[in-house]
Structure formats: structure tokens, C-alpha cells
Amino acid sequence: MNDNDIDFTAIETPCLILDRERLGKNAKRFLDIAKGHKVALRTHLKTVKSVAVAKILTDNDPTAKITVSTLLEAEYFSSYGFKDILYAVGIGPNKFARVAALQNRHAARIMLITDNVPMAHSAAAFAGIHGVSFDFLIEIDSGDHRSGVLPDSDSLLEVAQVLHDSKAINLCGVLTHAGQSYSSNDKQAIAEIAEHERAAVVMAADRLMDMGVNSQVISMGSTPTVACARDLTGITEVRCGVYPFFDLDQYGRGICGYEDMALSVLATVTGHQREAGHLIIDAGGLALSKDISAQRFLPDAGYGYVCNAQSLERYLGLSVTALSQEHGKVAVRDAVLFDQLPIGAQLRVLPNHACFTAAAYPDYQLLERGELTACWPRVNGW
Ligand SMILES: Cc1ncc(COP(=O)(O)O)c(C=O)c1O
């Protein structure tokens, strides 16, 4: 080890390494984008699942609006003082009691979403019977076709009517997520998808206005559309989630640079299979995830780029090429790499999709100014 090397020897692998400087830069970039468009950044904490990271993303503003993907996240972040929380996954009836208890316990508001009449009725009935109230947004399909009602559909007005008619429900507005932004690596094309996303959700809000519902929340966003949007007129807030860490998937689409990727997996070389032409690392499918989204625009991404543990520079052409549960296989074409990566050596893997990779770990090892300075817990599960 050289004097200036980061000392990774004391930690067990595989583990997550989070680069504090890159994280801070990414957080500022998206706070600045939102400020430039005069919209709120309702950061989606599904990726980071950590209050220490959330504080950086919200610039330490305890009144900041946040988005979550599980009720466990809602409980966790509200216990740290966040009060304006959007649970951005369609609600189901077996979760109403937990939402009501959480609102009561932490005096927080959990905004729920739905795109259908049965769930609107179900929420209204639960709230009425139990003497509680729920805030709702209606989910709009702006082209992804995963979920949501079309902005020009009758269904939008039908769902809105049920929510609006209930005294126990506050219909706060509309939300959309243009997941189809992941289909392109062309910034012009993504900007057009962002415009489609914007126009769809604003149209939905206009139609609600015609029936007497004033949308306080008109919410859109994914990391690619927020990064590329030219105009956000009519939008009140944007939601993006993967931007704090970025990953090969975003890098391949040109949404971030190589030096912006803040999350990596530290792994150890546990074997050499010289005849078979690969080495083995202790980061397998559970440690990296089997998400291969980055391969679309980075055909050699494999299950992650294999990088120098110190510099995070990629070893010449090296990727994780195959996975079993706890083993990662790295095909090696140039035998010199076996010498550069002897058994016991540590390396870092830049993942395909940070959200999925991070999900396997209880915490982050924080890397700051060349040292590991903290261990930040994550809130996994539902
Ligand atoms: C409803 C919703 N909003 C926002 C996001 C954030 O998008 P991204 O991961 O591109 O930042 C997601 C991602 O899955 C989502 O499902």
C-alpha cells in the first residue's frame, strides 16, 4: 500500500463505498436544476434510503418535500422530522391503517397515489369509518404505460370525482413518471419525452380545475427527464431518485459523466481460473444485482465495470461477465491482468443500476478525502 492509498483492508467485502464528494456534486446539480426552473425538488429517496444522504439532497432543510417508495421509508424519514412525504407507488387497501397510524404518530402528511375508482372508493370508505383523512394525487400515464390514467381520459374525471366527493380525502393534484425516458440516449429525444411528460400532467391538472379541483401539486420526473427538460411551465415539483449516485445505466445514456458515479461495490479477488480465462470475486448476483439495464447503451457493461479500488479507473476492458449467488466471474483476455489482480486483491465494481445494487446492503461506507470516515445505515424492506 502506498502512503496516499485509501485503506480498505479493515472492511469486509462485498460492501458499498459511497464517494462523499461526488454525492455532494450530484445533489447540488439537481438542486440547481430545480431552482433554475423555479420548481421544488421532491427528491425520491428510494435509491439512497438513508437519512444522512437525504439531508445532503435536501440541503439540510427539515421542511423539504420528499418522495418514498415504501411505507418503511415513510416511517423512517418521518421519524427524522420529514413531514411532507409522497408515497409514489399506487396504494393498496391493506396499507391504509399503517398510513393513518404513521400520520398520527409523527404529525406528518403522507400523500398517496391512485389511478383507479375502486381504490378511491376504498380509501374514502376507510377514512370515513376511521375518522382519518388522506391526501391523494391521481397518477397520470404520460407514455410509460406502467400505471396511471391517460390525461384526456374519462377515467381521470371518474377517479377525481370519487376522491373529490369524499369529505375525508384531500385531492391535492396529479403526478406522472415518464419511465420511457430510459428508452433513449439522445438528449434531444429525452427532452421531447420530458415535454410530453410535462404537457400530460399539466393537461390533467387543467381538467381537474374545470371540475373545481385546484391542484396544489403537479408532479413529474425521472432523472433523465429532469436533467434534459427545457421547460417546466405549470409544474410545481420534480421527482428524481438515482441522480445522487448515478450508475452505468445513466452514464451510458450520457446523463452523467464517468467521474460522477458515486457508488461502487468493493470486492475481493478470491480465485484465479487461468485456464478458463477468468478470475472470481466475492461479489455475485446478490451483491451486484442481475439488472443489465446499462448494456443497452454500453454493450460491454456486463454486470458492472471492474475498476481499480483506489482510483476507480476501469481495468482495461474488464467487466463482471457472469454471476452466481455469491460469485462474480470476470473474464480476463490479457494474462497480465492476473498479475495486476492477484488473489486477495481488492477492486471496485461500478454497478449497472445503483438502486438495485444498493438494495442488498445494510449500509454505506463513506469515502471522504481519501479516507473511510463513517458508516451510514440504509432502511431496506417494506
Ligand atoms: C413514480 C416515480 N417517480 C420518480 C422516480 C425516479 O426516477 P429516476 O429513478 O429516474 O430518478 C421513479 C423511479 O422509478 C418512480 O417510479
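Peer 1: Go over helix α5 (residues 117-130) with me, naming the residues and quoting the values.
Peer 2: Taking 1.5 Å of rise per residue, the 14 residues of α5 would be expected to cover 20 Å, and the 20 Å separating its terminal C-alpha atoms lies within 8% of that figure. Within α5, the full set of buried residues consists of M119, A120, A123, A124, F126 and A127. Down the axis of α5, the smallest arc covering the buried residues is 165 degrees, so these residues share one side. Along α5, the residues that are exposed and aim more than 90 degrees away from the buried face are P118, G128 and I129. Between the side-chain oxygen at the start of α5 and the backbone nitrogen of M119 there is a gap of 2.9 Å, and the oxygen is on N116.

Peer 1: Any chance you could break down the packing of aromatic side chains for me, citing the residues and the numbers?
Peer 2: Summed over all chains, the structure comprises 10 aromatic pairs. A ring pair is formed by Y76 and Y80, whose centres lie 5.2 Å apart and whose planes are at 70 degrees; its orientation type is edge-to-face. Consider the rings of Y251 and Y258, whose centres lie 5.6 Å apart with planes at 80 degrees: the pair is edge-to-face. On the accessibility criterion, Y251 (27% relative accessible area) is partly exposed.

Peer 1: Please set out empty space enclosed by the protein residue by residue, giving values where relevant.
Peer 2: Evaluated as defined, the whole model comprises 1 cavity of 30 Å³ or more. Its boundaries defined by the atoms lining it, the largest cavity holds a volume of some 50 Å³. Taken together, E139, I140, D141, S142, D144, H145, R146, S147, T176 and H177 make up the lining of the largest cavity. Tallied by class, the residues present in the lining of the largest cavity amount to 1 nonpolar, 5 polar and 4 charged.

Peer 1: So what about the site of the ligand? Which residues, and what values?
Peer 2: With respect to spatial proximity, 14 residues lie near the ligand, and among them R146, Y182, T223, R239 and G241 are the closest. Note that a nitrogen atom of the ligand is positioned 3.0 Å from one of the side-chain N or O atoms of R239. G241 has a polar backbone atom sitting 2.5 Å from an oxygen atom of the ligand. Protein chains shield 90% of the accessible area of the ligand, which is 390 Å² for the free molecule. When each cavity is represented as a set of grid points, the ligand is found to reside in the largest pocket. Partitioning the shell around the ligand into residue classes produces 5 nonpolar, 6 polar and 3 charged.

Peer 1: Go over the sheet that holds strand β4 (residues 65-68) with me, naming the residues and quoting the values.
Peer 2: Strands pair in a sheet through their backbones, by hydrogen bonds, and they do so in one of two ways: parallel or antiparallel. Strand order across the open sheet formed by 9 strands is β2-β10-β9-β8-β7-β6-β5-β4-β3, with parallel pairing between neighbours. Edge positions in the sheet fall to β2 (40-41) and β3 (43-44), since each has one partner strand and no second. The pairing of strand β7 (residues 134-140) with strand β8 (residues 169-176) spans 7 bridges and is parallel. Of the residues in β8, the one forming a bridge with D135 is N170. Against the sheet, helix α3 (residues 71-79) touches β4, β5 (84-87) and β6 (109-114), its axis set at about 150 degrees to β4. Strands in contact with helix α4 (residues 96-106) are β6 and β7; relative to β6, the strand with the most contacts, it is inclined by about 155 degrees.

Peer 1: Mind laying out the layout of surface pockets, listing which residues take part and the relevant values?
Peer 2: Its volume calculated, the largest pocket comes out at about 990 Å³. The wall of the largest pocket is formed by 43 residues, among which H44, K46, S69, R146 and F356 lie closest to the centre. Of all the secondary structure elements, the ones that give two or more residues to the lining of the largest pocket are β6, α9 (248-252) and α12 (354-358).

Peer 1: Can you lay out the pattern of salt bridges for me, pointing to particular residues and giving the numbers?
Peer 2: Considering all chains together, one arrives at 15 salt bridges under this definition. Note that D300 and R314 form a salt bridge whose closest N and O atoms lie 2.8 Å from each other. With D300 in the loop between α10 (285-288) and β13 (305-308) and R314 in strand β14 (residues 314-319), the pair connects residues that are 14 residues apart, well separated along the chain. Residue classification places D300 among the partly exposed positions, given a relative accessible area of 36%. Linked by salt bridges that have partners in common, R42, K65, D84 and E237 make up one network.

Peer 1: Requested: an account of the environment of G328, with residues and values cited.
Peer 2: Structurally, G328 can be placed in strand β16 (residues 328-331). Between the alpha carbons of G328 and M203 there is a distance of 48 Å; along the sequence they are 125 residues apart.

Analysis parameters
Residues numbered from 1 in each chain as written. Predicted model: local features only at pLDDT ≥ 70, side-chain atom pairs only at ≥ 80, totals over all residues. Heavy atoms only, no water. Helix = DSSP H or I, 4+ residues; strand = E, 2+ residues; numbered from the N terminus. Expected span 1.5 Å × (residues − 1). Buried < 20%, exposed > 50% of the residue type's maximum accessible area, 1.4 Å probe, protein only. Arc of directions from axis to C-beta. Polar contact = N/O pair within 3.5 Å; in protein donor to acceptor, adjacent residues only side chain to side chain. Phe/Tyr/Trp six-rings, centres within 6.5 Å; stacked < 30°, edge-to-face > 60°. 1 Å grid on protein atoms, 1.4 Å probe; cavity = no way out; pocket = protein on both sides within 12 Å on 5 of 7 lines; lining within 4 Å. Points joined across faces, edges and corners; volume = space filled by probe spheres on them. Nonpolar A, V, L, I, M, F, W, Y, C, P; charged D, E, K, R; others polar. Near = heavy atom within 4 Å. Areas by Shrake-Rupley, 256 points an atom, 1.4 Å probe, with all protein chains shown as cover. Sits in = over half its atoms within 2 Å of the grid points. Pairing = 2+ DSSP bridges. Contact = heavy atoms within 4.5 Å. Axes fitted to C-alpha atoms, helices over the stretch in contact; angles between N-to-C directions. Salt bridge = Lys/Arg side-chain N within 4 Å of Asp/Glu carboxyl O.

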